[in-house]
Each structure stands twice: as structure tokens, then as C-alpha cells.
Amino acid sequence: MNIVKQSKPIANLKKGDFITVNGKKLEIDAHYVFEDYKTTKEMLIELFDPKTDKDYQIRYFNDQIKETLRFYELKEIVYDEVDIEKIEW
């Protein structure tokens, strides 16, 4: 991952906010705890493209955000990981 631009902490992102990933402006549908491992939490942000209605996800661990931030695109029934070149919110 090359560039991360934040206008506020990732934990403050909520439904209706926008995240731009690799030039695509995506709307947040939900942001929640995916797995609680007691010492850390795996977080999930569900996104969609308002123009195409395609679904995406961002996953990260709340104590290691930059090291664990991953982006996925829904293809058929499975989310495939996509490399992040630039992400901003």
C-alpha cells in the first residue's frame, strides 16, 4: 500500500461516509467488529459503489491499522483481495 490519507480516524467512519480506493468513490454501508480476539478486534467496513452497486470490504485490526488494512471486491460469491494503491477518507 502506498498512500493513505485520513481526514479523521478510521474508527470514526460510519454509514453514509465515503472512502476512495484506487480512484473509486465508495459509500460505507456498515462498520463493525468482525471478530473479537480479546487483545485485538478485526474490523470490517462494508462498502458499495453507488454507480454500479458492486460490493467491497475493508478489513483491518484496530491495533495495527496501517499494517493490516486490506481491500476486497465481491466477485460472484467470494471476496477477492485487491491491492491498495491509494486510499483516502
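Up top is the structure.
So, here's what we can say about the structure. (Residues numbered from 1 in each chain as written. Predicted model: local features only at pLDDT ≥ 70, side-chain atom pairs only at ≥ 80, totals over all residues. Heavy atoms only, no water.)

So, about the nonpolar core. If you look at the biggest cluster of nonpolar residues, it comprises 17 residues, and the most contacted ones within it are I19, I45, L47, I58, F71 and I87. Secondary structure elements with two or more residues in this core: β2 (18–21), β3 (24–36), β4 (41–48) and β5 (55–61). Each residue touching L47, except ones within four places of it in the same chain, is listed here: I19, L26, E27, I28, D29, K54, D55, Y56, Q57, I58 and F71. (Core = buried A, V, L, I, M, F, W, Y, C linked by side-chain atoms within 4.5 Å. Buried < 20%, exposed > 50% of the residue type's maximum accessible area, 1.4 Å probe, protein only. Helix = DSSP H or I, 4+ residues; strand = E, 2+ residues; numbered from the N terminus. Contact = heavy atoms within 4.5 Å.)

Further remarks concern the packing of aromatic side chains. Overall, the coordinates contain two aromatic pairs when judged by the stated rule. For the cation-ring pair, K25 lies above F18, with the distance from its terminal atom to the ring centre recorded as 4.7 Å. (Phe/Tyr/Trp six-rings, centres within 6.5 Å; stacked < 30°, edge-to-face > 60°. Lys NZ or Arg CZ within 6 Å of the ring centre and 35° of its normal.)

Attention shifts here to the pattern of salt bridges. Side chains bearing opposite charge may pair, as long as their charged atoms lie close to each other. Throughout the structure, instances matching the rule amount to seven salt bridges. With a closest N to O distance of 3.2 Å, D17 and K8 form a salt bridge. Residue K41 is joined to D36 by a salt bridge in which the shortest nitrogen-to-oxygen separation is 4.0 Å. Residues joined in a network through salt bridges with shared partners are K8, K14 and D17. (Salt bridge = Lys/Arg side-chain N within 4 Å of Asp/Glu carboxyl O.)

With mixed pairing, eight strands are arranged side by side in an open sheet as β1-β8-β2-β3-β4-β5-β6-β7. Either end of the sheet is taken by a strand with one partner, and the two such strands are β1 (3–5) and β7 (78–82). The sheet shows a mean angle of 30° between the axes of neighbouring strands, taken without regard to direction. When β3 meets β4, the two strands line up antiparallel, connected through eight bridges. Counterpart to A30 in the pairing with β4 is E46. (Pairing = 2+ DSSP bridges. Axes fitted to C-alpha atoms, helices over the stretch in contact; angles between N-to-C directions.)

Excluding glycine, residues mostly have negative phi values, and the peptide bonds linking residues are mostly trans. With phi around 50°, N22 is a residue other than glycine that occupies positive phi space. Mapped onto the secondary structure, N22 falls in the loop between β2 and β3. Residue N22 is classed as partly exposed on the basis of its relative accessible area, which comes to 30%. If you check the backbone angles, K38 has positive phi at about 75° while not being a glycine. Among the structural elements, K38 can be located in the loop between β3 and β4.

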